[in-house]
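# Architecture at a glance
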Amino acid sequence: MKQWMAAALTAWLMAALTGCGAQPSASGPAAPVQTAEAAEPAGTGGAQKQEGHKVLIAYFTWAENTHVDDPSSVDPDASTSASVLPPGNTAKLAGWIQERTGGDLFSIRVKEPYSSNYDECLDRAAEEKQSGARPELTDHVAHMDDYDVIFLGYPNWWYTLPMPVMTFLESYDFSGKTVIPFCAHGTGGLAESVDDLRAALPASATVGRPIGVYRPDVDSAEPRIDEWLESAGW
Ligand SMILES: Cc1cc2nc3c(=O)[nH]c(=O)nc-3n(C[C@H](O)[C@H](O)[C@H](O)COP(=O)(O)O)c2cc1C
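Heads up: these notes are all about the structure in this document. Quick caveat, the model's predicted, so the values are computed rather than measured.

### Thoughts on the site of the ligand
Close to the ligand lie 22 residues, the nearest being S83, T90, P155, G186 and G188. Elements represented by at least two residues in the shell around the ligand include exactly helix 2 (89-101), helix 3 (118-131) and strand 5 (178-185). If one sorts the elements of the shell around the ligand by residue count, helix 3 sits on top with three residues. Here the residues of the shell around the ligand are counted per class, giving 11 nonpolar, 10 polar and one charged.

Below is the structure:
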């Protein structure tokens, strides 16, 4: 069992035993999906149709940040290897958001790709989180000033945003913009990612209502993505 899975399981067991979930967002093993509807304001408004916005969908996914020498050697059913081959889970969610909003897609990519070995990737990600690393990115959004709504997609890595997403957030001025998080995750749900995102943004930025999709549910999540967008007026 991976370290983050063991930690999530322990937290869930503690919550179940004591009857009080210290980390309500850290879903137990059976928790399928996390939306955080109640916790977050719908930053892009309610039923009103969203028009006149310039939308960017920026996302980070492991599959576009690693290299697999022999794709045929990857077992697509293995829970740990499934997301090394494109499209990654977050990329799938990003694609559906793009189709519905008509926004521009941007893949956040690191200069130095992660290992396609799960344990090695876990180790590097843990070190980067521990040291507050800001891995260098390959590309820059050319006209960020033009966008007023940014859907930001990421996998939960070690209970939060992957550090390259922090690099992305610190590369632009998000003042006055709306950032709407979407996350693909394991049993840990959104964990601390939305709080960490908010802390990384200027006070004048708005964080929209996030959606989290549990890894095994990603392939069938398009209707949920549609409902989520619909409820925010997209
Ligand atoms: C380095 C690493 C750390 C992870 N840490 C967590 C975690 O703390 N909690 C969790 O629920 N899932 C964790 N996961 C699982 C991913 O969030 C999940 O597999 C996600 O669907 C991957 O999305 P992607 O295919 O877009 O990269 C981790 C995965 C990796 C590779």
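### Some details on the nonpolar core
Core analysis: the biggest nonpolar cluster contains 52 residues, and I57, A58 and L93 have the highest contact counts within it. In contact with A58, not counting residues within four places along its chain, are F106, I108, I150, L152 and F168.

### A short note on helix 2
Between its first and last C-alpha atoms helix 2 spans 19 Å; for 13 residues at 1.5 Å apiece the expected length is 18 Å, and the two agree. What helix 2 keeps buried is the set N89, T90, A91, K92, L93, A94 and I97. The secondary structure elements touched by the buried residues of helix 2 are strand 2 (55-59), strand 3 (104-107), strand 4 (149-155), strand 5, strand 7 (211-214) and helix 6 (222-231). One or two steps after helix 2, the chain reaches G102, where phi turns positive at roughly 70°.

### Overview of the pairing of strand 2
Of all five residues in strand 2, five are buried, a share of seventy percent or more. Inspection of the sheet shows strand 2 paired to strand 4 by five bridges, in the parallel sense. Bridged to I57 within strand 4 is F151.

### A closer look at helix 6
For helix 6, the full list of buried residues reads I225, W228 and L229. Projected onto a plane normal to the axis of helix 6, the buried residues spread over an arc of 95° and lie on a single side. Opposite the packed face of helix 6, turned more than 90 degrees from it, sit the exposed residues P223, E227 and E230. Of the surrounding secondary structure, the elements contacted by the buried residues of helix 6 are helix 2 and strand 7. One or two steps after helix 6, the chain reaches G233, where phi turns positive at roughly 90°.

### Points about the pairing of strand 7
Taking every second residue as pointing to the same face, both faces of strand 7 are buried, with I211 and V213 on one and G212 and Y214 on the other. With four bridges connecting them, strand 5 and strand 7 associate as parallel partners. Considered in strand 7, the bridge of A184 is made with V213.

### Description of the environment of L161
With respect to the helices and strands, L161 occurs in the loop between strand 4 and helix 4 (163-169). Judged by local crowding, L161 falls into the buried class, with 26 C-beta atoms found within 10 Å. Dropping the residues within four chain positions of it, L161 is found in contact with Y154, M166, S193, D196 and L197.

### Focus: the packing of helix 2 against helix 6
At a minimum axis separation of 10 Å, helix 2 and helix 6 run at an interaxial angle of 45°. With respect to helix 6, the element helix 2 is oriented oblique. Here helix 2 and helix 6 pass one another in a crossing that is right-handed. Residues L93, W96, I97, R100 and T101 of helix 2 pack against E222, I225, D226 and L229 of helix 6. The residue makeup of the contact of helix 2 with helix 6, split by class, is five nonpolar, one polar and three charged.

About the thresholds
Residues numbered from 1 in each chain as written. Predicted model: local features only at pLDDT ≥ 70, side-chain atom pairs only at ≥ 80, totals over all residues. Near = placed C-beta within 6 Å. Helix = DSSP H or I, 4+ residues; strand = E, 2+ residues; numbered from the N terminus. Nonpolar A, V, L, I, M, F, W, Y, C, P; charged D, E, K, R; others polar. Core = buried A, V, L, I, M, F, W, Y, C linked by C-beta atoms within 7 Å. Buried ≥ 20, exposed ≤ 12 C-beta atoms within 10 Å, placed from the backbone. Contact = placed C-beta atoms within 7 Å. Expected span 1.5 Å × (residues − 1). Pairing = 2+ DSSP bridges. Arc of directions from axis to C-beta. Axes fitted to C-alpha atoms, helices over the stretch in contact; angles between N-to-C directions. Parallel < 35°, antiparallel > 145°, perpendicular 65-115°, else oblique. Left-handed = near helix turned anticlockwise from the far one by under 90°.

As far as function goes, none of this settles anything; it's purely spatial.
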